[in-house]
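Structural overview
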Amino acid sequence: MFDPRLLRSFVAIADSGNFTRAAERLNMTQSTISQQLGRLEEMAGHALVDRSARPVCLTAMGERLIGHARRILLLNEDAALLLRDPAGTAAISIGLPEDLATDAMAEAFAGFARTHRHIRLDATTGLSRDLAQRYRQGEFDIVIVKEAVAGPDCRATFAEPLGWFEAAGGRMMEAMEADALSLVCFPAGGLYRDQMFAQLEREGRRWFIAFSGSSLQSVVAAVAAGVGVSLLPLAGVGSAAVTRRSDLGAVEPMLVSLYAREGDGPLAALGRAMVAVLAARAGTPPINIVEKAK
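The structure reproduced in this document is the subject of the present report. (Residues numbered from 1 in each chain as written. Predicted model: local features only at pLDDT ≥ 70, side-chain atom pairs only at ≥ 80, totals over all residues. Heavy atoms only, no water.)

1. Quick word on the pairing of strand E8 (residues 181-185)
In terms of burial, E8 is largely enclosed, as 5 of its 5 residues are buried. Of the two faces of E8, the one carrying Leu181, Leu183 and Cys185 and the one carrying Ser182 and Val184 are both buried. Bridge count for E8 against strand E9 (residues 207-212) is 5 bridges, and the pairing is parallel. Following the sheet pairing, Cys185 is matched in E9 by Ser212. Regarding the hand of the β-α-β motif, the stretch spanning E8, helix H7 (residues 191-202) and E9 is right-handed. (Buried < 20%, exposed > 50% of the residue type's maximum accessible area, 1.4 Å probe, protein only. Helix = DSSP H or I, 4+ residues; strand = E, 2+ residues; numbered from the N terminus. Pairing = 2+ DSSP bridges. Right-handed = clockwise from strand over helix to strand, strands pointing away.)

2. Focus on the packing of aromatic side chains
Counted by the stated rule, this structure contains 3 aromatic pairs. Seen from their ring centres, Tyr135 and Tyr259 are 6.0 Å apart, and the 45° between their planes marks the pair as tilted. With a gap of 124 residues between them, Tyr135 in helix H6 (residues 128-136) and Tyr259 in strand E12 (residues 254-260) connect regions that are remote in the sequence. Tyr135 sits in the buried class, given a relative accessible area of 3%. Judged by centre distance (4.3 Å) and plane angle (10°), the rings of Phe197 and Trp207 are stacked. (Phe/Tyr/Trp six-rings, centres within 6.5 Å; stacked < 30°, edge-to-face > 60°.)

3. Observations concerning the nonpolar core
Trp164, Leu183, Met196 and Leu232 are the most contacted members of the largest nonpolar core, which has 26 residues in total. Residue assignment for this core shows that the elements contributing at least two residues are strand E7 (162-167), E8, H7, helix H8 (216-224) and strand E10 (230-233). Ranked by residues supplied to this core, first place goes to H8 with 6 residues. Counting residues in each nonpolar core, the second largest holds 22 residues, with Ile92, Ile119, Phe158 and Met274 among its members. (Core = buried A, V, L, I, M, F, W, Y, C linked by side-chain atoms within 4.5 Å.)

4. Notes on the sheet that holds strand E11 (residues 242-245)
Across the sheet, 3 strands lie side by side as E10-E7-E11; this open sheet has antiparallel pairing. The open sheet has two edge strands with one neighbour each: E10 and E11. The average angle at which neighbouring strand axes cross in this sheet is 55°, direction not considered. Pairing of E7 with E11, which is carried by 4 bridges, proceeds in the antiparallel orientation. Of the residues in E11, the one forming a bridge with Ala167 is Val242. The sheet strands contacting H8 are E7, E10 and E11, and the helix crosses E10 at an angle near 130°. (Axes fitted to C-alpha atoms, helices over the stretch in contact; angles between N-to-C directions. Contact = heavy atoms within 4.5 Å.)

5. Notes on H6
Within H6, the full set of buried residues consists of Ser128, Leu131 and Tyr135. The buried side chains of H6 occupy one side of the element, clustering within an arc of 65° when seen end-on. Contacts made by the buried residues of H6 are with strand E3 (90-96), strand E4 (119-125), strand E5 (142-147), H7 and E12. Once H6 finishes, Gly138 follows within two positions and takes phi at roughly 90°, a positive value. (Arc of directions from axis to C-beta.)

6. Re a nonpolar patch on the surface
On the surface, a cluster of nonpolar side chains totalling about 240 Å² of accessible area is made up of Phe2, Met43 and Ile72. Within the secondary structure, Ile72 sits in helix H4 (residues 60-84). Residue Ile72 is classed as partly exposed on the basis of its relative accessible area, which comes to 33%. (Patch = residues over 30% accessible without salt bridge, like charges linked within 9 Å, V, L, I, M, F, W, Y side chains within 5 Å. Areas by Shrake-Rupley, 256 points an atom, 1.4 Å probe, with all protein chains shown as cover. Salt bridge = Lys/Arg side-chain N within 4 Å of Asp/Glu carboxyl O.)

Nothing here speaks to function; it is all geometry.
In C-alpha cells, the structure reads:
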C-alpha cells in the first residue's frame with residue numbers, strides 16, 4: 001500500500017519539475033522530499049522520476065503511477081472532509097401515528113433539519129398504544145400519540161374531533177342492515193376501533209367487522225367504497241367521498257398529545273415545531289401546553 005505522504009511528494013515533484021520548489025510547496029527540506037521519493041520508488045520497484053533531466057520529468061513508470069497517485073490523494077482528502085463534517089452524527093428518534101405523518105409535519109422536519117445539520121431524524125409510525133409503550137421504554141425521544149386521557153408529563157394536548165362516516169350518496173354493501181352495522185375499522189389495539197365498539201354497545205347496536213385496514217388511507221377508502229361505516233377523525237377524511245352520520249350517538253373527541261424527553265436546545269426546538277403543526281391541524285389552541293424548565 002502506498003503511503004499518501006510519499007504520493008504527495010511525488011505529485012509535488014511532478015507538478016513543479018524541481019525538487020527545491022516541490023520541497024517549498026510542501027514546507028519540507030529538499031533532503032526530506034528526496035528521501036520520500038526514494039522510499040516510494042523502493043515500494044514501487046521502479047524509478048519514477050528522471051533526476052538527470054532539466055526540468056525533472058517522470059519516467060515511463062512514473063507516468064503510469066501519477067494519475068493513480070492524484071486519485072488516491074483526492075479520495076484521501078474527500079474522506080478527511082467527510083469525517084470533519086458532523087452532519088447526521090446525532091439522532092433524535094420520533095414516533096407518531098401514520099395519519100399525522102403529513103406534508104405539514106414533513107415541512108416542519110425539513111425546517112428543523114436545515115438549521116440542525118448535525119442531527120438525523122429517525123421517524124417511526126404506528127398505533128398510538130404501541131408508540132406510547134415504546135416511548136416509556138426509552139425508544140423514542142419525542143412522540144405523538146392519540147389517547148383518551150393525557151398523561152401528566154405531556155408537553156401539549158389537542159382535542160381530535162371524531163365522527164361516524166359512511167359512503168357519500170348512501171352507497172352501502174348489501175349486508176348492511178338496520179340492526180347489524182357493517183364496520184370498517186383499524187386492527188386490534190387501535191383506539192378508534194375500541195371507541196367504536198364501546199359506543200355501539202352503549203347504543204345497543206348490533207355490528208360486524210366487514211373490513212380491517214392498517215392505515216387511515218385504507219380505512220377511509222373502504223368507507224368511501226361503501227364497505228361499511230367507521231369512526232374517523234374529522235381532520236383525516238380530507239376530500240374522500242364520505243359523509244357523516246348523526247344517528248349513531250354523540251362522539252367524544254380523542255386527544256392528541258405530544259411527549260418529549262427533558263432537554264432544551266434542538267429537542268425543545270423540534271417539539272415546538274411539531275406542536276405548531278398540531279395546532280394548525282386542530283385549528284384551536286392546545287388544551288394544555290407545558291414548557292419544561294431549561
